[in-house]
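The chain contents come next:
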Amino acid sequence: MTYAPESVHPEKVEHSGDQNGWKDKDKSEMSNGNVIEDACKPNLDGDKNSYVENDDQEENLPDGSPHDICLTSERSLSTVVRVQENGSDNAIYHSEDGMEVNISEIEGTPGVDNVGLAPFRNRREQSCSSRRLEEALALYEQELLEDDDEDDKDWLPFRRFAVQTKWFCTNCTMANFDDSVYCDLCGEHRNFELIPAKMLGKFEASRERLEAESKNDAVTLPSPTPSMLEESSTSSFHKRTAIGFDERMMLHSEIKMKSHPHPERPDRLQAIIASLTASGFFPGKCFPIPAREATYQELAMVHTSEHVDAVELTSCNISSYFTPDTYANRHSALAARLAAGICADLATAIMTGQAQNGFALVRPPGHHAGVKDSMGFCLHNNAAVAVMASRAAGAKKVLIVDWDVHHGNGTQEIFDSDKSVLYISLHRHEGGHFYPGSGAASEVGTFGGEGYSVNIPWKCGGVGDNDYNFAFQHAVLPIAYQFASDITIISAGFDAAKGDPLGCCEVTPAGFANMTQMLSGLSNGKMLVILEGGYNLQSISSSATAVVKVLLGDNPDPPPQDTQPSKSGLKTLLEVLEIQSKYWSSVREHYLQLQLHWQALYGRKKRKIIIRRHIVKGPVWWKWGRKRIVYEHWFARVPLRKRSS
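Each value, and the rule that gives it
Residues numbered from 1 in each chain as written. Predicted model: local features only at pLDDT ≥ 70, side-chain atom pairs only at ≥ 80, totals over all residues. Heavy atoms only, no water. Helix = DSSP H or I, 4+ residues; strand = E, 2+ residues; numbered from the N terminus. Buried < 20%, exposed > 50% of the residue type's maximum accessible area, 1.4 Å probe, protein only. Contact = heavy atoms within 4.5 Å. Pairing = 2+ DSSP bridges. Axes fitted to C-alpha atoms, helices over the stretch in contact; angles between N-to-C directions. Salt bridge = Lys/Arg side-chain N within 4 Å of Asp/Glu carboxyl O. Phe/Tyr/Trp six-rings, centres within 6.5 Å; stacked < 30°, edge-to-face > 60°. Lys NZ or Arg CZ within 6 Å of the ring centre and 35° of its normal. Core = buried A, V, L, I, M, F, W, Y, C linked by side-chain atoms within 4.5 Å. pLDDT = per-residue confidence, 0-100. Polar contact = N/O pair within 3.5 Å; in protein donor to acceptor, adjacent residues only side chain to side chain. Right-handed = clockwise from strand over helix to strand, strands pointing away. Parallel < 35°, antiparallel > 145°, perpendicular 65-115°, else oblique. Left-handed = near helix turned anticlockwise from the far one by under 90°. Lys, Arg positive; Asp, Glu negative; His and termini not counted. Nonpolar A, V, L, I, M, F, W, Y, C, P; charged D, E, K, R; others polar.

Participant: I would appreciate a short explanation of the overall build of the protein in the present structure.
Facilitator: In terms of helices and strands, the protein carries 18 helices and 21 strands. Looking at the 645 residues of the protein, the share that counts as buried comes to 47%. In the protein, once contacts between residues fewer than 6 apart in sequence are set aside, the share between residues at least 24 apart is 71%.

The following block contains the structure:
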């Protein structure tokens, strides 16, 4: 339909049977197609009775045919003119077989089905005036003549608006209009290439080889190469940081391309590996561990059997979806098993002393995967599997620090009542309006695990290094040192980094390096970093490289001592410490200090505002009249005993 907006729509009408005009009818009384439904466009190049219908089919209709003429202009609202034939009711129409039919002669004839006459009767009752058609065309031509703007000389009355094409940023996947050269979000050029062409070709060739092997059912567990065995046998005195990675995890990708590229894509791992290779960290200063798939028993320790089976079933389908944003293809189950197995082996290697620390470059991520749910791009909970492996290797207490910008609802659910696992999360919450909506400060644990879930929920976006450092100094580190864990596991999501399309925060690579440095003093340096989120390729690669640099023993520049948090960040910490001071004695002193800090920064200003409100109240002329004493006492706050005589 090409009707104009409702404000200018013609009223639904029906012919009354006489020849004097149209009579308004209620919509409920209209039947047999008496309401004109289709709008037609005038063909200004031809005869005045020539029209082009909406379905792009041309038809020359006789005078008196019903029409809705849409006269559009860039300078005014669309209007609809309806015209009607004022001629005789004895109209002659042509049937489908070409015969001329006079409706008045055959209507009411015995034996004739009146239902079959409905098309002819409707066309007669909906006939339009050719006189009004001429007037409408005259008005339209006059409007064109009055518009003498030279820029509009090639304007067509019914041309379609040009649709601007879009391009998607390679760095952050955000959509940009074709006329822009740089991304509106991250500022990168539209031809941005973070990964060198030579290395990118190597990744693509490896992916094609793996896909070909998987089609031939020739994929087996990888055997360590000689160089891998040589590096693994190197003494931990020379190389103390282990890296877990397998190219087959890049086979996990979204098959069905939607209107927007999925942010969780194989390029994330490629960008990090390229950055580590360019820095000489991997392969080089870090040693790799052979990849292994997690067993069914390992996964069943943190998930239900139904959950594990549901993920495995995706290997039978080309494309699957657990949620609208959590996809899977026939390689996703393998990638999820590899990610969980790598995290388990790294935790075991760290606990047994084969490595001092490690970084698991894995995908799909895992901290949203709960006991029985896959969501938020996550299939299996990699951090939870690593906790179980570290326990099997001798760890009695495990600390999980989750600095992903989204709350790790799956990890919290799995260990919500477990006193041997302390879960600390720093994330955007915004009163439950930021995904996944969980992680309020009041969520402290259940069924005897109260106090072992510490949530620091930011109230808004744009949180930067100062807020994170302040939270670490006054909340994370005091509680973590009092807990005294045997190993520290970091759910390292880099979507809080500056320029991330989903996180919209301002944490820099130096900020992530400082957080890693502060946590390295816990658990005798036994630390496992597991990759979670992060969808800006440049931010995630530079941030991951900064973290690996700290794991290798480099000390980053410490943050300034006089850094101050934002007002919302300070308010969040006060709320968190007020709750957690009931369970952890180490934060009570920090809570009192922050209360004084808040009072010094924002308490006096609030008092001044209150006094100013009292001053402006009351009629001013009371100061010079009989009510001067009342004015000074109530509005100027002058005590009665100090009033001069």
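Participant: Whenever I open this one, unusual backbone geometry confuses me. Can you help?
Facilitator: When glycine is set aside, most residues are seen to have a negative phi, and most peptide bonds are trans. F282 connects to P283 through a cis peptide bond whose omega is -10°. Topologically, P283 is positioned in helix α7 (residues 281-285). The phi dihedral of T173 is positive, around 70°, even though this residue is not glycine. If you trace the backbone, T173 turns up in the loop between β10 (166-168) and β11 (175-177). Here S523, not a glycine, exhibits a phi torsion of approximately 55°, which is positive. Relative to the helices and strands, S523 resides in the loop between α14 (509-519) and β21 (527-531).

Participant: Is there a simple way to explain the sheet that holds strand β18 (residues 421-428) in this structure?
Facilitator: Adjacent strands of a sheet form backbone hydrogen bonds with each other and so pair up, either parallel or antiparallel. Spatial strand order, β13-β12-β16-β21-β20-β17-β18-β19: eight strands in an open sheet with parallel pairing. Looking at which strands have only one partner, the edges of the open sheet turn out to be β13 (287-289) and β19 (453-458). Between one strand axis and the next, the sheet turns through 15° on average, direction left out of account. As defined by bridge partners, strand β17 (residues 398-402) adjoins strand β20 (residues 487-492) across five bridges and the pair is classed as parallel. Bridge pairing links L399 to T488 in β20. On the sheet, helix α11 (residues 382-392) packs against β17, β18, β20 and β21 and is oriented at approximately 170° with respect to β20.

Participant: Just to check I follow, could you spell out the pattern of salt bridges for this structure?
Facilitator: Applying the stated criterion across every chain yields a total of eleven salt bridges. In this structure, a network of salt bridges that share partners links the residues E264, R268 and R363.

Participant: Which parts of the structure should I look at to understand the environment of G493?
Facilitator: Structurally, G493 is set in the loop between β20 and α14. Residues G493 and H406, 87 residues apart in the sequence, show an inter-C-alpha distance of 8.4 Å. Every residue in contact with G493, bar those within four places of it in the chain, is listed here: W403, D404, F512, E532 and G533.

Participant: I'm lost on the packing of aromatic side chains in this one. Help?
Facilitator: Within a pair of aromatic rings, the relevant descriptors are the distance that separates the centres and the angle that separates the planes. A full pass over the atoms with the stated rule returns eight aromatic pairs. Considering the side-chain rings of W403 and F494, the 6.5 Å spacing of their centres and the 55° angle between planes classify their relative orientation as tilted. Residue W403 is found in the loop between β17 and α12 (409-414), and its partner F494 is found in the loop between β20 and α14; the two are separated by 91 residues along the sequence. The same class applies to W403 as to F494, namely buried. Seen in terms of ring centroids, W598 and Y602 are 4.6 Å apart; in terms of plane orientation they differ by 50°. Their pairing is tilted. Taken together, the positions of W598 and Y602, both in helix α17 (residues 588-615) and four residues apart, correspond to about one turn of that helix. Over the face of the ring belonging to F483 we find K397, whose NZ or CZ atom lies 5.4 Å from the ring centre.

Participant: Can you help me understand the nonpolar core in this one?
Facilitator: Soluble globular proteins tend to pack their nonpolar side chains together in the buried interior. Counting residues in each nonpolar core, the largest one holds 106 residues, and the members touching the most others are F359, W403, F494 and L519. Once you skip the residues sitting within four places of it in the chain, F494 turns out to touch F359, W403, D500, F512, L531, G533, G534, I540, S543, A544 and V547. If you look at the next biggest cluster of nonpolar residues, it comprises five residues, including W167, C169, C183 and C186.

Participant: What's the story with the confidence of the model for the protein in this structure? I'm lost.
Facilitator: Detailed reading of predicted coordinates is not advised where the pLDDT is low. Averaged over all residues, the pLDDT of the protein is 75; the fraction at 70 or higher stands at 63%. The model gives residues 152-161 a pLDDT under 50, and that stretch makes 17 contacts with residues more than four places away or in other chains. When the criterion is pLDDT under 50, residues 217-238 qualifies, and its contacts beyond four places in sequence or with other chains add up to 26 contacts.

Participant: Teacher, can you tell me more about the side chain of T488 here?
Facilitator: Its location among the elements puts T488 in strand β20. Residue classification places T488 among the buried positions, given a relative accessible area of 0%. Among the polar contacts made by the side chain of T488, one reaches the side chain of S523 at a distance of 2.9 Å.

Participant: Is there a simple way to explain the pairing of β21 in this structure?
Facilitator: Looking down a regular strand, the side chains alternate between one sheet face and the other. Burial analysis of β21 places five of its five residues in the buried class, the great majority of the element. Side chains of β21 alternate between two faces, with M527, V529 and L531 and L528 and I530 buried alike. In this structure, strand β16 (residues 357-360) lies alongside β21, joined through four bridges in parallel fashion. Within β21, the position partnered with G358 by the bridge is L528. Of the crossover connections in this fold, the one passing from β20 over α14 to the parallel β21 is right-handed.

Participant: Help me understand the packing of helix α6 (residues 267-279) against helix α15 (residues 537-551), please; the structure alone is not making it clear to me.
Facilitator: The description of two helices packed together rests on the angle between their axes and the distance between the axes. Viewed as axis vectors pointing N to C, α6 and α15 meet at an angle of 45°, and their least axial separation amounts to 9 Å. One element, α6, and the other, α15, form an angle in the oblique class. Crossing of α6 against α15: the hand is right-handed. Two secondary-structure elements touch here, α6 through D267, R268, A271, I272, S275, L276 and S279 and α15 through L537, I540, S541, A544, T545 and V548.

Participant: What exactly am I supposed to notice about α14 here?
Facilitator: An α-helical segment advances 3.6 residues per turn. Residues three or four places apart therefore align on the same side. Among the eleven residues that make up α14, eight are buried, leaving the element largely enclosed by the rest of the structure. Among the residues making up α14, those that are buried are G511, F512, A513, N514, M515, T516, M518 and L519. Check the buried side of α14 and you find it contacts β17, α13 (465-483), β20, β21 and α15.

Participant: Help me out: how do you make sense of the side chain of E532 in this one?
Facilitator: Within the secondary structure, E532 sits in the loop between β21 and α15. Of the side chains with opposite charge, R268 comes closest to the buried, unpaired E532, at an N-O distance of 7.6 Å. A distance of 3.4 Å separates polar atoms of two side chains, one belonging to E532 and the other to S491. Sequence-distant contacts of E532, that is, excluding residues within four places in its chain, are made with R268, P365, G366, H367, D404, S491, A492 and G493.

Participant: Please explain the packing of α13 against α14 as it appears in this structure.
Facilitator: Between α13 and α14, whose axes approach to 11 Å, the crossing angle comes to 15°. With respect to α14, the axis of α13 lies roughly parallel. Here α13 runs over α14; the crossing is right-handed. Here D465, Y468, N469, F472, V476, L477 and Y481 of α13 lie close against α14, whose contacting residues are G511, N514, M515, M518 and L519. Residues belonging to the contact of α13 with α14 are distributed by class as follows: eight nonpolar, three polar and one charged.

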